[in-house]
Amino acid sequence: MSLDDLPPLREVIARHGLAAKKTLGQNFLLDLNITARIARAAGIEPGDLVYEVGPGPGGLTRALLAAGASVVAVERDERCLEALAEVAAAYPPGRLTVISGDAMTIDEPAILGGRPAKVVANLPYNVGTALLIRWLSADPWPPWWRSLTLMFQREVAERLSAAPRSEAYSRLSVLAQWRTLVRAHFDLSPKAFVPPPKVTSTVVGLTPLAEPRFPCRLDALEKVTAQAFGQRRKMLRQSLKGLAVPAEDLLARAEIVPTARAEELDVAAFARLARVLDDR
Ligand code: SAM
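Residues numbered from 1 in each chain as written. Predicted model: local features only at pLDDT ≥ 70, side-chain atom pairs only at ≥ 80, totals over all residues. Heavy atoms only, no water.

1. Considerations on the site of the ligand
Taken together, 20 residues form the shell around the ligand, and within it L29, G54, E75, D102 and N122 come nearest. L29 is positioned with one of its backbone polar atoms (N or O) 2.8 Å from an oxygen atom of the ligand. Taking D102, its side chain carries an N or O atom lying 2.8 Å from a nitrogen atom of the ligand. Burial of the ligand by the protein amounts to 99% of the accessible area it has alone, namely 590 Å². (Near = heavy atom within 4 Å. Polar contact = N/O pair within 3.5 Å; in protein donor to acceptor, adjacent residues only side chain to side chain. Areas by Shrake-Rupley, 256 points an atom, 1.4 Å probe, with all protein chains shown as cover.)

2. Describing helix α3 (residues 59-66)
Across the eight residues that make up α3, a large majority, seven, are buried. Two residues or fewer after α3 comes G68, characterised by a positive phi angle close to 100 degrees. (Buried < 20%, exposed > 50% of the residue type's maximum accessible area, 1.4 Å probe, protein only. Helix = DSSP H or I, 4+ residues; strand = E, 2+ residues; numbered from the N terminus.)

3. What about the domain arrangement of the chain?
In many reports, interface size means the accessible area that the parts give up when they come together. Considered domain by domain, the chain is made up of domain 1 (3-208) and domain 2 (218-279). Computed over C-alpha atoms only, the centres of domain 1 and domain 2 are separated by 34 Å. Contacts between the two partners involve 13 residues from domain 1 and, on the opposite side, 15 residues from domain 2. At the boundary of domain 1 with domain 2, total buried surface from both sides reaches about 1,200 Å², with 64% on carbon and sulfur atoms. Linking R233 and E167 is a salt bridge whose minimum nitrogen-to-oxygen distance equals 3.3 Å. Connecting domain 1 to domain 2 are five residue pairs in polar contact (both at pLDDT 80 or more). (Domains from an automatic or database assignment. Contact = heavy atoms within 4.5 Å. Buried area = accessible area lost by both parts, 1.4 Å probe. Salt bridge = Lys/Arg side-chain N within 4 Å of Asp/Glu carboxyl O.)

4. Thoughts on unusual backbone geometry
Note that the residue after D139, namely P140, is joined by a cis bond; omega there is 5 degrees. Cis rather than trans, the peptide bond between W141 and P142 has omega equal to 0 degrees. Although it is not a glycine, R165 adopts a positive phi angle of roughly 70 degrees. The topology assignment puts R165 in the loop between α7 (154-161) and α8 (171-179). According to the relative accessible area criterion, R165 is exposed, its value standing at 64%. Positive phi, close to 60 degrees, is recorded for E255, a residue that is not glycine. Inspection of the secondary structure assignment puts E255 in the loop between α11 (247-253) and α12 (267-278).

5. A look at the packing of aromatic side chains
In total, this model carries five aromatic pairs according to the counting rule given. Ring geometry for Y51 and W135: centres 6.4 Å apart, planes at 80 degrees, overall edge-to-face. Placement of the pair is Y51 in strand β2 (residues 49-53) and W135 in helix α6 (residues 128-136), with a sequence separation of 84 residues. Note on W141 and W145: the rings are 5.6 Å apart at their centroids and 85 degrees apart in plane angle, and the pair reads as edge-to-face. Of the two residues examined, W141 and W145, each falls in the buried class. Here a set of aromatic residues connected by ring pairs shows up, and it is made of Y51, W135 and W144. Here the guanidinium or amino end of R37 rests over the ring plane of F186, the centre of that ring lying 3.9 Å away. (Phe/Tyr/Trp six-rings, centres within 6.5 Å; stacked < 30°, edge-to-face > 60°. Lys NZ or Arg CZ within 6 Å of the ring centre and 35° of its normal.)

Below you can see the structure in the form of structure tokens.
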């Protein structure tokens, strides 16, 4: 399949000496059918602005550009910059902007010129969850991003859409489901990547809700979920002891039985706990 007139990615990697580095979470996608599938999952339309983290040798970037997006990409590995400059040169000026930097600290609205963007990324596994939490914690809300289409280890993807009483239900499930609609698009086997990671990956889509599903402050929600899931097997009357309000009072006022455990509470119940904590 040819998305553009650029050389095959294997050739790009060989010519620029881009042997994958484990420390940077580098597992490259070289099959342009797969990168095109991710661009379709993201619902990219001509004229969309996309923010991509970690373009690497540019496989996903090329699919996004071919779908008609303008892309602003942040890459930490300076070895990739020359290869990415070649991709930029194949398109009209302004279609691909590559910033050399760290996505964990970059000011996204500033580099995007204040324009809303769709985030699309084959994330480095070592910082993927931290980046997601950063984007889910955006202030103000609705956030600067219109959607997130992200590659995760399947185990992380399962946590995002997990229901109460399941093994995968966690702080991340509550935070994601409180403010977004989560959808698992498709799985990719390790063979799709070079080098292959140890685990299956899943492409996940998150769309921000205009308002969180249940009213409460993010900070308070984080406090109660951190305490509750910090000791997920314990009863809440025990696990919530570290908060500023006595656990039994907090639970009574939130109408939650004190013998319940973190994994039994739905998102609405966590939001009630957060509100009661703020009302003390
Ligand atoms: N998008 C490419 C693909 O799909 O083949 C590469 C994906 S690879 C899983 C992750 C990329 O993120 C690598 O290019 C890596 O150098 C880059 N990266 C790692 N940590 C980063 C960070 N903190 N900020 C920006 N890029 C980072």
